[in-house]
Amino acid sequence: MSGIWGKNIKVSIFGESHGKAIGITIDGLPPGIELDTEYINSEMQRRAPGKDSISTPRKEADEFEILSGYFDGKTTGTPLCGVIWNSNQKSKDYDSVRYVMRPSHGDYPGFVKYKGHNDYRGGGHFSGRITAPLVFAGAIAKQILEKKGIVIGSHIKRIENVEDENIDYTNIDESVLKGIRNKPFPVIDDESGKQMKEAILKAREDLDSVGGVIEGIVLNLEAGLGSPFFESVESKLSQTMFSIPGVKGIEFGVGFDISKMRGSKANDEYFIENDEIKTYTNNNGGITGGITNGMPVIFRVAMKPTPSISKKQRTIDINKMENTEVEVHGRHDPCIVQRAVPVVESACALTILDFVLGKGEL
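An unreviewed UniProt entry annotates the chain as Chorismate synthase of Gottschalkia acidurici. In UniProt, the chain has this text filed under Pathway (unreviewed entry): "Metabolic intermediate biosynthesis; chorismate biosynthesis; chorismate from D-erythrose 4-phosphate and phosphoenolpyruvate: step 7/7." Turning to the chain, the UniProt record has this under Catalytic activity (unreviewed entry): "5-O-(1-carboxyvinyl)-3-phosphoshikimate = chorismate + phosphate".

Turning next to the overall build of the chain. Broken down by element type, the chain carries 8 helices and 18 strands. If one aligns the C-alpha atoms of the chain with their principal axes, the spans along those axes are about 70 × 50 × 35 Å. Within the chain, the proportion of its 362 residues that are buried is 51%. Within the chain, counting contacts between residues at least 6 apart in sequence, those at least 24 apart form 72% of the total. In the form shown here, the chain has an accessible surface area of approximately 17400 Å², with 50% of it arising from carbon and sulfur atoms. Computed over 44 positive and 50 negative side-chain charges, the separation of the two mean positions in the chain equals 6 Å.

When the UniProt feature table is mapped onto this chain numbering, "binding site: FMN" (unreviewed entry) sits at H125, F126, S127, G289, K304, P305, T306, P307, S308 and R331. By the secondary structure assignment, G289 is in the loop between β14 (287-288) and β15 (291-292). Look at G289 and you get exposed, because its relative accessible area is 57%. Here P307 lies in the loop between β16 (297-303) and β17 (313-317). Each residue touching P307, except ones within four places of it in the same chain, is listed here: P103, S104, H105 and Q313.

With respect to the helices, strands and loops of the structure, K142 is situated in helix α3 (residues 131-146). A polar contact of 2.6 Å, which involves the side chain of K142, links it to the side chain of E43. Not counting the four nearest positions on each side in its chain, K142 is found in contact with Y39, E43, R46, I152, E345 and A349.

Moving on, we come to the sheet that holds strand β8 (residues 151-159). Strand order in the open sheet made by the 5 strands is β9-β8-β10-β16-β11, with antiparallel pairing throughout. Whereas interior strands pair on both sides, the edge strands pair on one side only; in this sheet they are β9 (162-163) and β11 (247-252). The pairing of β8 with strand β10 (residues 212-219) spans 8 bridges and is classified as antiparallel. In the sheet register, R158 faces β10, and the bridge partner there is V213.

Take helix α4 (residues 174-181) next. Of all the positions in α4, only L177, I180 and R181 are classed as buried. Around the axis of α4, the buried residues are gathered within 115° of arc, so they sit on the same side. Looking at the buried side of α4, the elements it contacts are α1 (37-47), α3, β8, β10 and α8 (337-358).

This brings us to the pattern of salt bridges. Tallied over the entire structure, the rule returns 22 salt bridges. A salt bridge links K183 to D190, with the shortest nitrogen-to-oxygen separation between them at 3.0 Å. By relative accessible area, D190 is classed as exposed at 51%. What you see here is one network of salt bridges that share partners, running through E43, R46, K142 and E345.

A few words on the side chain of T131. One can find T131 in helix α3. Residue classification places T131 among the buried residues on the basis of a relative accessible area of 8%. Of note is the side chain of T131, whose polar atom sits 3.3 Å from the side chain of R47.

Next up on the list: the packing of aromatic side chains. The geometry of an aromatic ring pair is captured by the separation of the ring centres together with the interplanar angle, meaning the angle of the planes. Applying the stated criterion across every chain yields a total of 3 aromatic pairs. Between F64 and F136 the ring centres are 5.4 Å apart and the planes differ by 50°, which places this aromatic pair in the tilted class. Taken as a pair, F64 in strand β4 (residues 64-68) and F136 in helix α3 lie far apart in primary sequence, 72 residues in all.

Rules behind the numbers
Residues numbered from 1 in each chain as written. Predicted model: local features only at pLDDT ≥ 70, side-chain atom pairs only at ≥ 80, totals over all residues. Heavy atoms only, no water. UniProt positions renumbered as here; feature names shortened; annotations may be inferred. Helix = DSSP H or I, 4+ residues; strand = E, 2+ residues; numbered from the N terminus. Buried < 20%, exposed > 50% of the residue type's maximum accessible area, 1.4 Å probe, protein only. Contact = heavy atoms within 4.5 Å. Areas by Shrake-Rupley, 256 points an atom, 1.4 Å probe, with all protein chains shown as cover. Lys, Arg positive; Asp, Glu negative; His and termini not counted. Charge placed at Lys NZ, Arg CZ, Asp CG, Glu CD. Polar contact = N/O pair within 3.5 Å; in protein donor to acceptor, adjacent residues only side chain to side chain. Pairing = 2+ DSSP bridges. Arc of directions from axis to C-beta. Salt bridge = Lys/Arg side-chain N within 4 Å of Asp/Glu carboxyl O. Phe/Tyr/Trp six-rings, centres within 6.5 Å; stacked < 30°, edge-to-face > 60°.

Shown next as C-alpha cells:
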C-alpha cells in the first residue's frame, strides 16, 4: 500500500483534503516515551494554513487528537493514532473541475489509476493538506531524537530567484538552527526573507505562483548509520522527501555542483580534534558510502510552484474527451515553500528515527 512507510517504525497516513478528518498511525514507537503535546501543537501551527497574506485563506486550526497508543502522558508501545478534524472545506469550489484536469495536479493520473473514483475535491488524498499528519508524526520523532541530542532543522534557501544566506556546512550553531523554527518566515537573513515575501505577493497579484528550495540539516548524528546499497541514508531520505507533494528534486552537500569540482577539491579530508574525527569540508553532506560519517547531514529539496493558479490554462475535459481551458478558483497558496519547511523536517525526523531504532538504542 502506498499509504504505509517504514521498516523499524511504520506509519500509515489517511484522509482527504475535504473529508471529515486526516490522520496517521505510528507503529513501533518504544513504550514509556513522554510526549510534550505543546511542542507537537507548535509544530502543527508552523504548517497550518490561513495565517498571513502569503498563504491560502483557508483557515484550519489543525488541532490534533490522539486516539490510541498514549496513556498518562507517555507512549504505550502500541500503535499511536493521531487525527486532525477538517473544519473549513468549500467543496463546491471544485464542482467545475471534476472532469476538467488541472495542469500539474494529480487529477489525471489519479483519475486513471482509481478509475474515476478518486476524491477530486481540494486534491483529495493527493493534497498538501495530508502533510499535516506527517508533521504530527514528525513532531513526535523530533522529540525522541532530541533526547539523544540529535537536532533537525531547516530554512528557506530560495524563493524564485531570491537566495537566503549560506551556511557553513562544517560549523553550524545549534541555537541558530533551533531559533529559525520560531520565525514566522524561516530564513537566516530576514532581509532576504522580506524580498522572498515580496516575490510571493507579486506572484499572487499576477494570478500566478512561485516555487523554491528548502535546506535541511541534521546535527549530532553519529557515524555509521545506513548501509549500501538500498538502505543508504540518501536512498531513504530521498524516498520520504519525494513523498511530500510538490517536491521535484533533492541534493546532498554541495549537490550537483560537486560534478564541477576535481576530486582534490570535492573530497572531504579527515582530521582529529579532541579525539573526535571530523572533515575539513562537508561537500558530501555528512554521508559517504551511503553511511553517515559524523558530520552534519545537509540536503536540499526543490519545491515546484503551486499548480493551482487563477491564470487561464489549456487542459482537457476527461468526460467530454475534448480540449478546453481552466481557471482554478478556490483558496490556494501562491507559494507552498514556507509551509513545507516543517513538513521537510518531519519527513527527515521519521527517516532518521527509523535508522536509530534499527540500532536498538531506544
